[in-house]
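Per-entry structural report
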Amino acid sequence: RLVREKPMGTFGAIVVLLLFLTGIFAPLLAPFGYNDVDLAVRLSPPSLAHPLGTDDLGRDLLSRIVYGARVSMVVAIFGVALEMLIALLLGLVGGYIGGRVDMLLQRFVDAFMSFPPIFFYLTIMSIVGPGIPQVIAVLGIISGIRESRVVRSAVINIKSTCFVEAATVVGSR
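Residues numbered from 1 in each chain as written. Predicted model: local features only at pLDDT ≥ 70, side-chain atom pairs only at ≥ 80, totals over all residues. Heavy atoms only, no water.

Quick look at the pattern of salt bridges
A complete count under the given rule lists 5 salt bridges for this structure. Across the salt bridge formed by D102 and R152, the nearest N and O atoms sit 2.7 Å from each other. With D102 in helix α5 (residues 99–113) and R152 in helix α7 (residues 132–159), the pair connects residues that are 50 residues apart, well separated along the chain. Here D110 and R149 are joined by a salt bridge, their closest N and O atoms 2.6 Å apart. Residue D110 is found in helix α5, and its partner R149 is found in helix α7; the two are separated by 39 residues along the sequence. Overall, D110 belongs to the partly exposed group, its relative accessible area being 28%. Classification of R149 as partly exposed rests on a relative accessible area of 32%. Residues joined in a network through salt bridges with shared partners are R107, D110 and R149. (Salt bridge = Lys/Arg side-chain N within 4 Å of Asp/Glu carboxyl O. Helix = DSSP H or I, 4+ residues; strand = E, 2+ residues; numbered from the N terminus. Buried < 20%, exposed > 50% of the residue type's maximum accessible area, 1.4 Å probe, protein only.)

Quick look at the structure:
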């Protein structure tokens, strides 16, 4: 049923699953090791031995891409987890408390959104330096602040529903 109703979503899920499995089984799928150097075949074009060619140190590009799936999936999973945490924190606090707290948080988010995200990515990465944890933190924080508006609007929408108002009238908090 899901395949019939959401074919593009199913296709996307299959692609992500394949990337995830590629990262997990990289040692079995890659024809060479990640850092296997062979100077005799450096900068060679695609061939049967090296389907995507080699780099300037003779490392197989297909193997490096397959192993790179691991890093991509780790950054994606932990970056999105951090993004969700920050978006939930800011959106729940602003939407639930409301008033001045919400106004202050939303003005911060508005000011933050007035700049392109790439500006923040480059600026913060130049300050904190290179590394996978730094990339995860920067992606998660910047995206989380931007996505907090979605959580805030959902909280405000749920707060105004009849069952919440009925619970409030009865005396629940």
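A closer look at the packing of helix α4 (residues 61–97) against α7
Any two packed helices are characterised by how steeply their axes cross, that is the angle between the axes, and by the distance between the axes. At a minimum axis separation of 5 Å, α4 and α7 run at an interaxial angle of 40°. Here the hand of the crossing between α4 and α7 comes out right-handed. Of the residues belonging to the contact of α4 with α7, the class tally is 21 nonpolar, 7 polar and 4 charged. (Axes fitted to C-alpha atoms, helices over the stretch in contact; angles between N-to-C directions. Left-handed = near helix turned anticlockwise from the far one by under 90°. Nonpolar A, V, L, I, M, F, W, Y, C, P; charged D, E, K, R; others polar.)

Quick notes on the side chain of D102
A relative accessible area of 10% means that D102 is categorised as buried. For D102, the side chain forms a polar contact with the side chain of R152, separated by 2.7 Å. Residues contacting D102, with those up to four places away along its chain left out, are G94, G95 and R152. (Polar contact = N/O pair within 3.5 Å; in protein donor to acceptor, adjacent residues only side chain to side chain. Contact = heavy atoms within 4.5 Å.)

Side note on α7
Across its 28 residues, α7 extends 38 Å between first and last C-alpha, which sits within 8% of the 40 Å expected from 1.5 Å per residue. All of the buried residues in α7 are I136, V138, G140, I142, S143, G144, I145, S148, V151 and V155. Close packing links the buried residues of α7 with α4, α5 and α6 (117–128). (Expected span 1.5 Å × (residues − 1).)

Description of the packing of aromatic side chains
To describe a pair of aromatic rings, one takes the distance between the centres and the angle between the planes. The full count for this structure, using the stated rule, is 6 aromatic pairs. Both rings, one in Y34 and one in Y67, keep their centres 5.9 Å apart while their planes meet at 65°; by these two values the pair is edge-to-face. One end of the pair, Y34, is in the loop between α3 (26–29) and α4; the other, Y67, is in helix α4, with 33 residues separating them in the sequence. Among the residues examined, Y34 registers a relative accessible area of 37% and is labelled partly exposed. On the basis of relative accessible area, Y67 is assigned to the buried category, the value being 18%. An aromatic cluster is present here, built from F108, F112, F115, F119 and F120 joined pairwise through their rings. Directly above the aromatic system of Y34 lies the positively charged group of R64, at a separation of 4.3 Å from the ring centroid. (Phe/Tyr/Trp six-rings, centres within 6.5 Å; stacked < 30°, edge-to-face > 60°. Lys NZ or Arg CZ within 6 Å of the ring centre and 35° of its normal.)

Digging into the packing of helix α2 (residues 7–24) against α4
Running from N to C, α2 and α4 cross one another at 120°; their axes reach a closest spacing of 7 Å. One way to sum up the angle between α2 and α4 is to call them oblique. The chirality of how α2 crosses α4 is left-handed. The residues of α4 that touch α2, namely those facing V16, L19, F20, T22, G23 and I24, are V66, A69, R70, M73 and I77. Of the residues that constitute the contact of α2 with α4, the class distribution is 8 nonpolar, 2 polar and 1 charged. (Parallel < 35°, antiparallel > 145°, perpendicular 65-115°, else oblique.)

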